Amino acid sequence: MSTKNVIGTSPVRLDAREKVTGKAIFPGDLSMPGMLHMKILFAWRPHARVLRIDTTEARAVPGVVAIFTAQDVPVNEYGLQVKDQPVLCGPGSSIEGGDVVRFVGDQVAAIVAESEQAAAKARDLIRVEYEDLPAVFDPEQAMQADAPLVHPERGMSNICVHYKIRKGDVEAGFKQADVIVEGEYRLPFQEHAYLQPEAGLAYIDEEGRVTIKVAGQWTHVDREQVAHALGLPEEQVRVVYPAIGGAFGGREDMSVQIVLGLAAWKLRRPVKIIWTRQESIIGHGKRHPAVIRVRWGATKEGKLVAAEMNFIGDAGAYMYTTNKVLGNSTIVCTGPYFIPNVKTDVYGVYTNNVPGAAFRGFGAPQSAFAAESQMNKLAEKLNLDPVEIRLRNALRDGDTLSVGTPAPGPVSIVQVIEAAARQAGWKETPQGWQAPPVEQPSEPHLKRGWGFAAGFKNVGFSFGYQENSWARVELHGKSEIERVVAYHAGAEVGQGTHTVMAQMVAEAVGVPFEKVTMVVSDTANMGNPGSASASRMTYMAGNALRGAGLAALEKWHAEERPAIAEYTYLAPKTTPFEKETGYSTPNFCYAYAAQAVEVEVDTETGEVRLLRVIAADDVGQAINPKLAEGQIEGAVVQAQGYAIQENFVTQNGRVLSDQLSTYLIPTILDIPGEIKSVILEVPDPNGPWGARGLGELPYIPLAPAVTGGIHAATGTWVDEIPLIPERVLRSLGKIT
Amino acid sequence: MLPWQIYLRPQTLAEVRQALDSAPKPVLPIAGGTDLLLDLRQGRHAPVQTLVDLTAVAEMTVIELRGEHLFIGAAVPVSRVHSDPLVARHARALTEASALIAGPQVRNVATLGGNVAHALPAADGTIALLALDTQAEIAAISGENRIVPLSQLFLGPGKSAIDKNKEIIVGFYIQVLEASEAFKVSSCFKRIMRPQGVALPIINCAIWLAREGDRIRDIRIAVGPGGPIPFRATKAEAVLRGQTPTNETIERALIALLDQVQFRTSPRRASADYRRHLVGGLFRDVIESAWERAG
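Rules of the game
- Residues numbered from 1 in each chain as written.
- Chains lettered and ligands numbered in written order.
- Predicted model: local features only at pLDDT ≥ 70, side-chain atom pairs only at ≥ 80, totals over all residues.
- Heavy atoms only, no water.
- Helix = DSSP H or I, 4+ residues; strand = E, 2+ residues; numbered from the N terminus.
- Rg over C-alpha atoms; globule rule 2.2 N^0.38 Å.
- Buried < 20%, exposed > 50% of the residue type's maximum accessible area, 1.4 Å probe, protein only.
- Contact = heavy atoms within 4.5 Å.
- Areas by Shrake-Rupley, 256 points an atom, 1.4 Å probe, with all protein chains shown as cover.
- Lys, Arg positive; Asp, Glu negative; His and termini not counted.
- Charge placed at Lys NZ, Arg CZ, Asp CG, Glu CD.
- Core = buried A, V, L, I, M, F, W, Y, C linked by side-chain atoms within 4.5 Å.
- Domains from an automatic or database assignment.
- Buried area = accessible area lost by both parts, 1.4 Å probe.
- Salt bridge = Lys/Arg side-chain N within 4 Å of Asp/Glu carboxyl O.
- Polar contact = N/O pair within 3.5 Å; in protein donor to acceptor, adjacent residues only side chain to side chain.
- Nonpolar A, V, L, I, M, F, W, Y, C, P; charged D, E, K, R; others polar.
- Phe/Tyr/Trp six-rings, centres within 6.5 Å; stacked < 30°, edge-to-face > 60°.
- Lys NZ or Arg CZ within 6 Å of the ring centre and 35° of its normal.
- Pairing = 2+ DSSP bridges.
- Axes fitted to C-alpha atoms, helices over the stretch in contact; angles between N-to-C directions.
- Parallel < 35°, antiparallel > 145°, perpendicular 65-115°, else oblique.
- Left-handed = near helix turned anticlockwise from the far one by under 90°.

Observations concerning the overall build of chain A
Looking only at helices and strands, one finds 17 helices and 27 strands in chain A. Relative to a compact globule of 736 residues, whose C-alpha radius of gyration would be 27 Å, chain A shows 26 Å and is just as compact. Overall size of chain A, expressed as C-alpha extent along the three principal axes, is 80 × 75 × 55 Å. Out of the 736 residues in chain A, the part that is buried amounts to 65%.

Considerations on the overall build of chain B
Helix and strand content of chain B: eleven helices and 14 strands. Relative to its length of 295 residues, chain B is compact, with a C-alpha radius of gyration of 19 Å against a globular reference of 19 Å. Its C-alpha atoms give chain B principal-axis dimensions of about 60 × 45 × 30 Å. Among the 295 residues that make up chain B, the fraction classed as buried is 53%. A separation of at least 24 residues holds for 63% of the contacts in chain B among residues at least 6 apart in sequence. For chain B, the computed accessible surface area is about 12400 Å², with 51% contributed by carbon and sulfur atoms. Distance from the positive charge centre (33 side chains) to the negative charge centre (29 side chains) of chain B: 6 Å.

A few points about the nonpolar core
All names here are of chain A. One finds I292, W296, I417, W426, F452 and V706 to be the most contacted residues of the largest nonpolar core, which totals 118 residues. With nine residues, helix α15 (residues 625-645) is the single largest residue contributor to this core. In terms of domain composition, this core takes at least three residues from each of domain 2 (31-133 + 195-246 + 251-283) and domain 3 (290-461 + 579-731). In this structure, A215, I281, V493 and Y663 belong to the second largest nonpolar core, which totals 88 residues.

With respect to the interface of chain B and chain A
Contacts between the two partners involve 18 residues from chain B, matched on the other side by 26 residues from chain A. Taken together, the two surfaces of chain B and chain A that pack against each other cover about 1900 Å², and 58% of this comes from carbon and sulfur. The interface formed by chain B and chain A includes zero salt bridges. Our enumeration of links across chain B and chain A arrives at six residue pairs in polar contact (both at pLDDT 80 or more). Residue contributions to the side of chain B that touches chain A peak at four residues, all from helix α11 (residues 272-293) of chain B. Looking at the side of chain B that touches chain A residue by residue, the classes come out as nine nonpolar, four polar and five charged.

So, unusual backbone geometry
That bond from R561 of chain A to P562 of chain A is cis: its omega, -15°, falls within 30 degrees of zero. In this fold, P562 of chain A is placed in the loop between α14 (537-557) and β22 (563-570). Between G224 of chain B and P225 of chain B the backbone carries a cis peptide bond, its omega angle lying at -10°. Secondary-structure assignment places P225 of chain B in the loop between β13 (215-224) and β14 (231-232). Phi at E559 of chain A takes a positive value of approximately 70°, unusual for a residue other than glycine. Positionally, E559 of chain A belongs in the loop between α14 and β22. In this structure, A102 of chain B is a non-glycine residue whose phi angle is positive, near 50°. Examined against the element boundaries, A102 of chain B turns out to sit in the loop between α5 (92-98) and α6 (104-107). Residue class for A102 of chain B comes out buried when judged on its relative accessible area of 16%.

Overview of the domain arrangement of chain A
Residues and elements named next belong to chain A. Domain boundaries in chain A define domain 1 (16-24 + 468-570), domain 2 (31-133 + 195-246 + 251-283) and domain 3 (290-461 + 579-731). In this assembly, 23 residues from domain 2 lie in contact with 26 residues from domain 3. When the two sides are added together, the surface that domain 2 and domain 3 hide from each other amounts to roughly 2000 Å², 58% of it contributed by carbon and sulfur. Run the count over domain 2 and domain 3 and you get zero salt bridges. The tally of links from domain 2 across to domain 3 stands at nine residue pairs in polar contact (both at pLDDT 80 or more). Residue composition of the side of domain 2 that touches domain 3, by class: twelve nonpolar, four polar and seven charged.

As for the packing of aromatic side chains
Counted by the stated rule, this structure contains 18 aromatic pairs over all chains. Counting every residue linked through ring pairs, the aromatic cluster contains F42, W44 and W275 of chain A. The lysine or arginine in question, R268 of chain A, covers the ring of W265 of chain A, its NZ or CZ lying 4.7 Å from the ring centre. Against the face of W291 of chain B rests R211 of chain B, its NZ or CZ located 3.8 Å from the ring centre.

Describing the sheet that holds strand β15 (residues 341-350) of chain A
All names here are of chain A. Strands sit in the order β7-β15-β14-β13-β8 across an open sheet of five strands; the sheet is mixed. Both outer strands of the open sheet, β7 (159-167) and β8 (179-187), are each paired with one neighbouring strand and no more. Ignoring strand direction, the axes of neighbouring strands in this sheet form an average angle of 5°. In the sheet, strand β13 (residues 290-298) pairs with strand β14 (residues 304-316) via nine bridges, with the strands oriented antiparallel. Each bridged residue has a counterpart across the sheet, and for G297 the counterpart in β14 is A306. Helix α10 (residues 364-381) contacts β8, β13 and β14 of the sheet and is inclined by roughly 145° relative to β8.

Quick look at the side chain of R692 of chain A
Residue and element names in this part refer to chain A. Along the chain, R692 falls in the loop between β27 (674-680) and α16 (702-714). Taking relative accessible area as the criterion, R692 reaches 2% and is therefore assigned buried. There is a polar contact of 3.0 Å between the side chain of R692 and the backbone oxygen of V682.

Focus on the packing of α10 of chain A against helix α11 (residues 386-393) of chain A
Residues and elements named next belong to chain A. Taken N-terminus to C-terminus, the directions of α10 and α11 make an angle of 115°; their axes are 9 Å apart at the nearest point. Classed by the angle they form, the pair α10 and α11 counts as roughly perpendicular. Where α10 crosses over α11, the handedness of that crossing is right-handed. Side by side, α10 and α11 meet where E372, M375, N376, L378 and A379 of the first sit next to P386, I389, R390 and N393 of the second. Per-class residue counts for the contact of α10 with α11 are five nonpolar, two polar and two charged.

Here it is in structure tokens:
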């Protein structure tokens, strides 16, 4: 089957009309007769033991139906990777340590009332007696032996993750080096700032299941976590996703799910909650802040010979996905380059900050900032063009990664780098690649320059986890297929995945796109889709739907009517890091990216503008090119926020930038003058129709490309982001 | 969940007075509501019983010449202030500030009355009005309307001298000085902030000046946020009045400004050091523009 009919076209999104006309139902739009309203009492303090909760006055508020505290939660713990967080913090917890709040967004009580006002009023009348505990906010301090422990019940150290890579002999490698560049890079929190703050509605469905309609990223794991905390079998819990207003990783961890389920289960009435923006900002995890100290060596020919990396990531108060996020950081921190000798230590450290969580790129953006900045600095020292030095070191098929095994082929980083460079105007000369000339503006305080960076990202969680995804396809009709119904529980978080799924089903069974109906995101009648994260959904769901479609087609040809087949796709096997060396085959697929960015720096104000962004991404196969472009543009804009604008300010664990009026994300007037998407299609042998993953990829190279551009424009390296004007001016020596 | 119970929409000032006087308390006037509604919803302002909408009051929604003054109704949306030809002619700094307040949607409903009543030391509209030596007309539940200099309306950051339960700003008077043989007047407003706006500026500056040949006959300089209330750089004005704005005089004026201004560090926005650095370039830029315009 070499010709493709639906793959590679861009039909209108299945949800476009509803979303554009305002008819789409998001969790906050839901309501039911007899519905109650919930408010949460958050801790608003970074580290304290809850000694006493007095709800007497609160219960007297007219309309209050129930107030739940720790003692009401059957199994008072949850967590995606490690169950280290109480559902509600307070005395009487069924789990040890459940009486301690460890960050400002820990939840202390859930108040349910006939109206939202009554719930809010009662919340403010709850008297909580706290014993403040010594707190720690700097992960490096938290690593010290005498630091206050965030989880004393989990051992005598705040270090919750430590990954090691030992490849070759770094000291011998540095001896071969003609130049060595050392660097220290600092990366900030980032808030997901999705359009829709956390919200949901829970009720008991007609089959007696506690049913939670909510925005999440993985229906079946939400269900597992709710069931665990409520002490119920999973079949007794149902999770349904209505339209979801963005996720970006921030909805991988629980927010409102368990407390809603608890209230509906105990009260046998529908219960609804909507978090305010401020509650959302303090209440869900953030991109991990990191300090990365590195030393890289290269020969005068520009060949990398050794790299040493020390990465400290702020896990915040709970594990969330820190172990997985930092696994990616570990792989990506040496870049898409062949380096014979590598020594890497990556630490995740508990603190009393807002937890570090999944966020588009999943540990890769932090690492790429260090790796790509190192490449740009080496290029400067060796008088090489940034594109030229990258091509001299870019991974080729068969080259081993730092983990001692090669990336599954084909490795396309060379093509991707060349495509970005060419599109931006780089020229291949007998002396190697050369950057395009820059036209400087007439105002002497405005300086322009081109920056360049590359990046790569694994598709899927993996690291030994058996990636899987379930699908079902039904073919209806008589002599020919008239109607196709496909079931998949994968989360449509705005990326367009349901549309892409329908395209892949149509292609698999050979019908037009319009004949496919998707039935989605309900644990009641579907198998496990896996998470809508780690750039994995197109790859995993595509293979699952293709498998189910082909199996149904076989039944169709055997005259079954309707022809129905289910299929669970299992991705190729992977292995975890070997403890002392990191030796592993951690992933089954990678995707590759490169970006060139033309930057303008106002050397009087420190403002940085992106004039042009050239983003080249190998997606394997663009199932829907328009959506692929949308992903690239969205990722670039979000990465611009990370690189330049978004300044998440905390003070002793308290969040100061807790509204969108103080936490400034890019708007239409801030975004780059031009974003040029260059989509490459180097097929992955196991991807559906060759597709790799895309959602995170274009995010990764932007920040180091911008600082590379600032250096080209001004001669100054800025090794900490965000590049708020003040920081840029300090780097330029204009203020002290 | 509405943080108010009754919403009134009077058509005349008399009806406004009546509403403020007799509607169930607490009562507050509302115009664009772009600050007030956020404050009410986010719990920074206690809930109220009654909101009195001022945007249908005819006398508060006009822009017109009244004798030697340009009158701008306090309930005129900022986007209309921005596009009004009389404002462009007589109060160019205000035209420029009105283009920069918040974002387009907010400008379509936000008003200058609200901008001033909110009493923020860096509000773009307020800073422009301050440099234009604006007088405000205040109406109270009882008694005659009174006219007060804008500068008397501020007590501290976010603290207005107006008793919002009993008083409203009706409008603003800006003196109109037609160009003569002897001198010409102009004004200019600029700010430093990322292009999209929406949030408060890092720093802004408005200058009005009267030019007599190569001399500054008179000048008014406002900088935000330059202190707890909207700041007039009177010492810098004194340095420049009667002088030719050479580089040397402007530098002396800047020193006087820096000596008088009280920049503070706001952890979510900018440090005092950064503002001290920025104000020089901004001040030179604004005075140069105003000077050339009056040429």
